[in-house]
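# Coordinates in review
The primary structure of each chain is shown beneath.
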Amino acid sequence: MGIVNVELVHIGFGNILVMNRVIAMASPSSAPTKRAIQEGKNKSLLIDMTNGRRTKVVIFTDSGHIILAALAPETIAGRLQTSRTSSGLELEPGSEKDEP
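Right, let's walk through the structure included here. Quick caveat, the model's predicted, so the values are computed rather than measured.

Another aspect to go through is the overall build of the protein. Along the protein, the regular secondary structure elements total two helices and six strands. Looking at the 100 residues of the protein, the share that counts as buried comes to 28%. Only carbon and sulfur atoms are counted for the fraction: they give 54% of the accessible area of the protein, which is about 6700 Å².

Next up on the list: the sheet that holds strand β4 (residues 46–49). An order of β3-β5-β6-β4 is seen for the four strands of this open sheet, with the pairing classed as mixed. Both outer strands of the open sheet, β3 (22–26) and β4, are each paired with one neighbouring strand and no more. Put simply, the sheet's adjacent strands are angled 20 degrees from each other on average, direction ignored. Across four bridges, the pairing between strand β5 (residues 57–61) and strand β6 (residues 66–69) is antiparallel. Following the sheet pairing, Val-57 is matched in β6 by Ala-69.

Right, let's talk about the pattern of salt bridges for a bit. Scanning the model with the defined rule gives three salt bridges in all. Of the charged contacts, one joins Arg-21 and Asp-62 as a salt bridge, the two residues approaching to 2.6 Å between their closest N and O atoms. Here Asp-62 lies in the loop between β5 and β6 and Arg-21 lies in the loop between β2 (16–18) and β3, a separation of 41 residues in the sequence. Lys-43 is paired through a salt bridge with Glu-39; the nearest N and O atoms lie 3.5 Å apart.

Another point: the nonpolar core. One finds Val-9, Ile-11, Leu-17, Met-19, Met-49, Val-57, Ile-59, Ile-67, Ala-69, Leu-71, Ile-76 and Leu-80 forming the largest nonpolar core, which totals 12 residues. Residue assignment for this core shows that the elements contributing at least two residues are β5, β6 and α2 (73–87). Not counting residues up to four positions away in its chain, the partners in contact with Val-9 are Asn-15, Ile-16, Leu-17, Met-19, Ile-76, Arg-79 and Leu-80. If you look at the next biggest cluster of nonpolar residues, it comprises five residues, including Ala-36, Ile-37, Val-58 and Leu-68.

What counts and how
- Residues numbered from 1 in each chain as written.
- Predicted model: local features only at pLDDT ≥ 70, side-chain atom pairs only at ≥ 80, totals over all residues.
- Heavy atoms only, no water.
- Helix = DSSP H or I, 4+ residues; strand = E, 2+ residues; numbered from the N terminus.
- Buried < 20%, exposed > 50% of the residue type's maximum accessible area, 1.4 Å probe, protein only.
- Areas by Shrake-Rupley, 256 points an atom, 1.4 Å probe, with all protein chains shown as cover.
- Pairing = 2+ DSSP bridges.
- Axes fitted to C-alpha atoms, helices over the stretch in contact; angles between N-to-C directions.
- Salt bridge = Lys/Arg side-chain N within 4 Å of Asp/Glu carboxyl O.
- Core = buried A, V, L, I, M, F, W, Y, C linked by side-chain atoms within 4.5 Å.
- Contact = heavy atoms within 4.5 Å.

Printed below as a string of structure tokens:
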């Protein structure tokens, strides 16, 4: 059994996101995304991390949860990139890291 590195990214207002569980980040303005948000709300799978601000990204997780965040997806991706670079987890595209 290998060691799993949990990647945490601050997404504003004291909220932290586990990036290992993220499947996709989408714009909140498209009709399919709006339907997914409503469906998540109906199934109690919606997590609002905007603190009352305008939603800039909708995050879909592998558990079926839908997270609303007030940061732009580029900002979240940049923070993840910075986190990976500072912790030595940076990988070349298409390469795989060897586990000890």
